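Residues per chain are reported as follows:
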Amino acid sequence: MSRSPTDLPPGALSVLEYRSRHVCVTYPDHLMPLGTIPPTARIGIETTTTGVLLHVDRGLTYTGDDPEIAQWLDEGTRRFQNLSALIEWIAGVIPGEDNLPLEPVPPVNQRPPMLAVNTVTNLADVSVQAPALNAVTETALKSLLLASVVGQHAALTILATRIALHATKEFPRKPYSAMLIGPTGVGKTSAAEAIAEALDTIGSDTWSYIRLDMGEFTEKHSVSRLVGAPPGYIGYGDRSLASELARNGKAVVLFDEIEKAHPAVLVTIMNLLDKGRLDSERYGGTNASTAVLLFTSNLGAAELDDRTHNDQTGRTHLLRHGVAPELVGRFGDVVAFTELNSDALAEIAARSVVTVAADYGVHLEWIDPAYLSNLLQRLDGNQLGVRTLEYLAEADLGTEFAALPSKSARIAFDGQAHVSPGRNGDETDVGDTPETGESPC
């Protein structure tokens, strides 16, 4: 099955562009240009700060006379200005193929272990017909969330289903709300950020992201930060949640560690959940019915397990740990984020190193799995979760990234991490190493 890029469902190209900024998107058994032996191979798409890269398996033979194709197959990588130009070129050099294939691809956990920075995915899950209002669909939203947040498939599936339904309502009476429970550093906050970015990417509306640390709402007067201070009082005119929602009601609002909030703050939040608006003297009743309200808590996190994915057991868990019944009853869903398994931790470690490298404008061709293992060993016993990985990688590699003469690099490990320049300068062939040439990216 294939279709023209112009026939793809709304948002599909945006989905691919979004995914390829975080990981290399690969397509197995893709039809190759005439004269290529074998006639099919894996290709990969990766977005960088300077364009879009089209990778291909090494070791192919080309008997044709097109110099561009010959150069691509020889070097393993071809750079394009944008994704549309890449797809147009593919359509032009492969007879009978007018777009990327939409067949399923192998699961992520079947990728070569050497290529911990990569993942495998495709556009099949965004090929939907007649998208609902604002082009927001459950499948596309789920696709983006799973590409952004690692190791929480069950939780993200629930959120994608419910939020997509809410986003299609023409006349919602109240905002969608969910309590995200689980240990520190397993993806709750990242999920909220990813939801906001995904809604903004897929839909026709502009979505904003607002994070409120409930540790800063422990006093009664902090209610003014939600509804705004009345005239004559300190803080009048300052930005508040009401003012933000008055500007744009399409917002994902995260109330982080809700158990720390003052009871007066909780009363205001409960009214927001019930009425779908924030009542304030300055703004009157600010409509928040189109918003997505997410709450987090790590109360009793050590007791959570897979069974807590059931909404009712999640609510019972909150009640047992002292959350007010009137608040628990107002959440649309209670969704559990569980401890990350070893595969998820390995992928997060790789992404953390890639993120640190990107801060210095460095693109990583390869990371020694031994270095990722070392990072994870140092994480054991750390109460801050996986967010510590970026700090560890920065401490290990920041100085070397800053002094690197090229913008591509490889990381080796022999008890200590070593950064060396990539073999191809800026024209990187991600993942094709002397140890393995199996992956296009």
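Residues numbered from 1 in each chain as written. Predicted model: local features only at pLDDT ≥ 70, side-chain atom pairs only at ≥ 80, totals over all residues. Heavy atoms only, no water.

1. Section: the sheet that holds strand E1 (residues 25-31)
So, point 1. Read from one edge to the other, the open sheet built from four strands follows the order E1-E3-E4-E6, with strand pairing classed as antiparallel. The sheet is open, and its two borders are formed by E1 and strand E6 (77-80), each paired with just one other strand. When the angles between neighbouring strand axes are averaged without regard to direction, this sheet yields 25 degrees.
So, point 2. Those strands touched by helix H3 (residues 83-93) are E1, strand E3 (40-48), strand E4 (51-56) and E6, and its axis lies near 35 degrees from that of E4. (Pairing = 2+ DSSP bridges. Helix = DSSP H or I, 4+ residues; strand = E, 2+ residues; numbered from the N terminus. Axes fitted to C-alpha atoms, helices over the stretch in contact; angles between N-to-C directions. Contact = heavy atoms within 4.5 Å.)

2. A look at the side chain of Ser289
So, point 1. For Ser289, the location among the structural elements is in the loop between strand E11 (284-287) and strand E12 (292-297).
So, point 2. A distance of 2.9 Å separates the side chain of Ser289 from the side chain of Asn287, its partner in a polar contact.
So, point 3. Look past the residues within four positions of Ser289 in its chain and what remains in contact with it is His166, Pro172, Arg173, Lys174, Pro175 and Gly276. (Polar contact = N/O pair within 3.5 Å; in protein donor to acceptor, adjacent residues only side chain to side chain.)

3. Examining the nonpolar core
So, point 1. Among the nonpolar cores identified, the biggest contains 59 residues, and Leu141, Leu159, Val353, Leu364, Tyr371, Phe401 and Ile411 are the most heavily contacted of them.
So, point 2. Here this core gets eight residues from one element, more than from any other, and that element is helix H6 (residues 188-202).
So, point 3. Counting residues in each nonpolar core, the second largest holds 37 residues, with Ala242, Ala264, Leu272 and Val328 among its members. (Core = buried A, V, L, I, M, F, W, Y, C linked by side-chain atoms within 4.5 Å. Buried < 20%, exposed > 50% of the residue type's maximum accessible area, 1.4 Å probe, protein only.)

4. Section: unusual backbone geometry
So, point 1. Residue Pro38 follows Ile37 across a cis peptide bond; omega there is -5 degrees.
So, point 2. Inspection of the secondary structure assignment puts Pro38 in the loop between strand E2 (36-37) and E3.
So, point 3. The backbone phi angle of Glu257 is positive, close to 55 degrees, even though this residue is not glycine.

5. Comments concerning the sheet that holds strand E8 (residues 208-213)
So, point 1. Taken together, the five strands give an open sheet; going across it, the order is E8-E9-E12-E7-E13, and neighbouring strands pair in parallel fashion. Every interior strand has two partners, whereas the edge strands, E8 and strand E13 (333-336), have only one. For this sheet, the mean inter-axis angle between neighbouring strands, taken without regard to orientation, is 20 degrees.
So, point 2. As defined by bridge partners, strand E9 (residues 251-256) adjoins E12 across four bridges and the pair is classed as parallel.

6. Re the confidence of the model for the protein chain
So, point 1. When pLDDT is averaged along the protein chain, the result is 77; 76% of the residues meet or exceed 70.
So, point 2. Below a pLDDT of 50 lies the segment residues 97-136, which in the model reaches 121 contacts outside its immediate sequence neighbourhood of four places, other chains included.
So, point 3. Below pLDDT 50 for its whole length, residues 425-439 participates in 53 contacts with residues either more than four positions away or in separate chains. (pLDDT = per-residue confidence, 0-100.)

7. Concerning the packing of aromatic side chains
The relative placement of two aromatic rings is captured by the distance of their centres and the angle of their planes.
So, point 1. Across all of its chains, the model carries six aromatic pairs by this definition.
So, point 2. Ring geometry for Phe255 and Phe295: centres 4.7 Å apart, planes at 10 degrees, overall stacked. Here Phe255, found in strand E9, pairs with Phe295, found in strand E12; they are 40 residues apart in sequence, far enough to count as distant. For the pair formed by Phe255 and Phe295, the shared burial category is buried. (Phe/Tyr/Trp six-rings, centres within 6.5 Å; stacked < 30°, edge-to-face > 60°.)

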